[in-house]
Every structure is written in structure tokens, then in C-alpha cells.
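Per-entry structural report
So you can see what is in the structure, the chains are spelled out below.
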Amino acid sequence: MRRSDAGRLEVIAGPMFSGKSEELLRRVRRAKLAGLDVEVVNHAMDARYGEGSVSSHAGLSISSIPVSEASDLAGLFEGRELDILAIDEAQFFGPGLIPAVDSLLARGITVLVAGLCVTYDARPFEPIPSLMAVAEEVVKLTAVCTVCGADAAFHQRVHDPGVGDSRVPVAAHVGGVETYEARCRRHVEFPTTA
Ligand code: ADP
Ligand code: MG
């Protein structure tokens, strides 16, 4: 395949349970079938399914490299003609992800970013919204509202007294079906203060 000068940024965004990891894994499998050189990374903080793999809630899984800092991303693949780097749970990398992605794109690497674009209290969750703004392609997914079955653009922390507490550290966004529920606009609790 002919390598273009600059890479392409594809962002897969949505709330929890919206199928972001499934879509990322589908694209990775497809690229591997095409013979492209693909690597998958996840954040070292996301150890829900054990380090070294990206998994979907439905049980699909692929091996990945756990990375702690956005600034480590570029160095990992130095000197390698990587075609695609897929990053799952990308929100955990914080604002440093933006320059890291820029430098990968500048090297001609296509970057697939999957991550939460909303927090569990229904606010935009940087850096994903900023990456969506400058991407060649954005796939915005919805889950199914656990209350009514409507399209859910949000997820909410449940079974926890700290609901809506923005002081809860970012690590608290790691979780699964036992802590969070997908909610539609009607059934999500928006924060009371701006
Ligand atoms: P994400 O990475 O966006 O959190 P996953 O790709 O891991 O999502 O999982 C998506 C899968 O989660 C769906 O295919 C479905 O099997 C399962 N799932 C569980 N709860 C829900 C829900 N409320 N809405 C949609 N899918 C759900
Ligand atoms: Mg996921």
C-alpha cells in the first residue's frame, strides 16, 4: 500500500458501553487482514481485564501494549514504519495526548483513538472532544439507556455515594457494568452546578 505523507486521525467516541472498543477492534482486525503493520495500546491505568489487552464488554479481546504517559507513545515505535496505532481508553492520557497524536500523524502513522467524550457526570471529557475537532473521521456512538432503551449519549456512576462529585479522581472513571450505567438525555442526572 502506498504510504501518504501524513497520517489520518480517526476518533471513535461515545459514553461507556457504546461499542467503542468493539469498533476499534473491528478496524484493527480489518487492517491486519490487509497486511498493515498495526499496534494497539491502552493506558496502564486501565487494568480491568488484565494488562496487555484491549477488551470489549461483549468479550472480544486483542493483545495491546500498556502505556503510562502520552509522551511515551512516539518513542515506543521509533524507527518503525508503523501503519496504524490504535489507542483505547484514550481519555486516560489527558491533554498530553494531543501533541503525541500530532507527532505520530506527522510521521505518516494513521492513529485510531477510541475514548470517552463524556464524564460520568455528563460533561465533555478532554482530550477526546478536541481530537474530534481535528480528526479526518469521527464515529460518535451511543449505548442503550438502561432505564428506557433509548439512545444513550451518557453514562452515569451508580451504586456509589459520590455521584456527581467532580473531585473524584480520574482513576474513578475506570469501571464496568457494576459501577456505571448508560443513560439517555432524559434519564441522566446532569450536574446541578456549572
Ligand atoms: P465501550 O468500549 O464503548 O465501553 P464495548 O465495545 O466494550 O463498549 O462494549 C459494547 C458492548 O457492551 C455491546 O455490544 C453490548 O454487548 C454490551 N452492553 C452492555 N450494556 C450495554 C448498554 N447499556 N448499551 C449498549 N451495549 C451494552
Ligand atoms: Mg471500551
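Residues numbered from 1 in each chain as written. Chains lettered and ligands numbered in written order. Predicted model: local features only at pLDDT ≥ 70, side-chain atom pairs only at ≥ 80, totals over all residues. Heavy atoms only, no water.

1. As for the overall build of the chain
Counting secondary structure elements, the chain contains 4 helices and 12 strands. Looking at the chain as a whole, 50% of its 194 residues qualify as buried. Counting contacts in the chain only where the partners sit at least 6 residues apart, residues at least 24 apart contribute 74% of the total. Accessible surface for the chain amounts to roughly 9,400 Å². Of this, 52% is attributable to carbon and sulfur atoms. (Helix = DSSP H or I, 4+ residues; strand = E, 2+ residues; numbered from the N terminus. Buried < 20%, exposed > 50% of the residue type's maximum accessible area, 1.4 Å probe, protein only. Contact = heavy atoms within 4.5 Å. Areas by Shrake-Rupley, 256 points an atom, 1.4 Å probe, with all protein chains shown as cover.)

2. Examining the environment of Gly75
In this structure, Gly75 sits in helix H2 (residues 72-76). A relative accessible area of 42% means that Gly75 is categorised as partly exposed. Sequence separation between Gly75 and Leu104 is 29 residues, and the spatial gap between their C-alpha atoms is 9.8 Å.

3. Digging into the site of ligand 1
By nearness alone, 14 residues border ligand 1, and Phe17, Lys20, Glu22, His57 and Val144 come closest of all. Phe17 places a polar main-chain atom, nitrogen or oxygen, 2.9 Å from an oxygen atom of ligand 1. Separating an oxygen atom of ligand 1 from a side-chain N or O atom of Glu22 is a distance of 2.7 Å. Bound to the protein, ligand 1 loses 76% of the 580 Å² it would expose on its own. Of all the elements in the fold, those that place two or more residues in the shell around ligand 1 are helix H1 (20-33) and strand E9 (143-144). Per-element accounting of the shell around ligand 1 gives the leading share, 3 residues, to H1. Counted by class, the shell around ligand 1 contains 7 nonpolar, 5 polar and 2 charged residues. (Near = heavy atom within 4 Å. Polar contact = N/O pair within 3.5 Å; in protein donor to acceptor, adjacent residues only side chain to side chain. Nonpolar A, V, L, I, M, F, W, Y, C, P; charged D, E, K, R; others polar.)

4. So, the sheet that holds strand E8 (residues 137-140)
One key point about sheets: their strands pair by backbone hydrogen bonds, in either a parallel or an antiparallel sense. Strand order in the open sheet formed by 6 strands is E5-E2-E6-E7-E1-E8, with parallel pairing between adjacent strands. On the outer flanks of this sheet lie strand E5 (65-67) and E8, each paired with one strand and no other. Between one strand and the next, the sheet's axes are offset by a mean angle of 20 degrees, whatever the strand orientation. Sitting on the sheet, H1 is in contact with strand E1 (9-14), strand E2 (38-43), strand E6 (84-87), strand E7 (110-116) and E8, with an inclination near 150 degrees to E1. Here helix H3 (residues 97-106) sits on the sheet in contact with E1, E6 and E7, set at roughly 155 degrees to E7. (Pairing = 2+ DSSP bridges. Axes fitted to C-alpha atoms, helices over the stretch in contact; angles between N-to-C directions.)

5. Let's talk about the pattern of salt bridges
When the charged atoms of two side chains with opposite charge come close together, those side chains can pair. Applying the stated criterion to the full structure yields 10 salt bridges. A network of salt bridges, in which partner residues are shared, links Arg8, Glu10, Glu23, Arg26, Arg27 and Glu137. (Salt bridge = Lys/Arg side-chain N within 4 Å of Asp/Glu carboxyl O.)

6. Overview of unusual backbone geometry
That bond from Glu126 to Pro127 is cis: its omega, 15 degrees, falls within 30 degrees of zero. Locating Pro127 in the fold gives a position in the loop between E7 and helix H4 (128-133). Positive phi outside glycine occurs at Phe17, with the angle close to 70 degrees. With respect to the helices and strands, Phe17 occurs in the loop between E1 and H1. Its relative accessible area of 25% is what places Phe17 among the partly exposed residues. With a phi angle near 50 degrees, Glu89 is a residue other than glycine that sits in the positive phi range. Inspection of the secondary structure puts Glu89 in the loop between E6 and H3.

7. Brief notes about the nonpolar core
Counting 26 residues, the largest nonpolar core has Leu9, Val11, Leu85, Ile87, Val101, Val111 and Val113 as its most contacted members. When contributions to this core are tallied by element, the ones reaching two or more residues are E1, E6, H3, E7 and H4. Residue contributions to this core peak at 5 residues, all from H3. Apart from the residues lying within four places of it in its own chain, the contact partners of Val111 are Arg8, Leu9, Glu10, Leu85, Ile87, Val101, Leu104 and Leu105. (Core = buried A, V, L, I, M, F, W, Y, C linked by side-chain atoms within 4.5 Å.)

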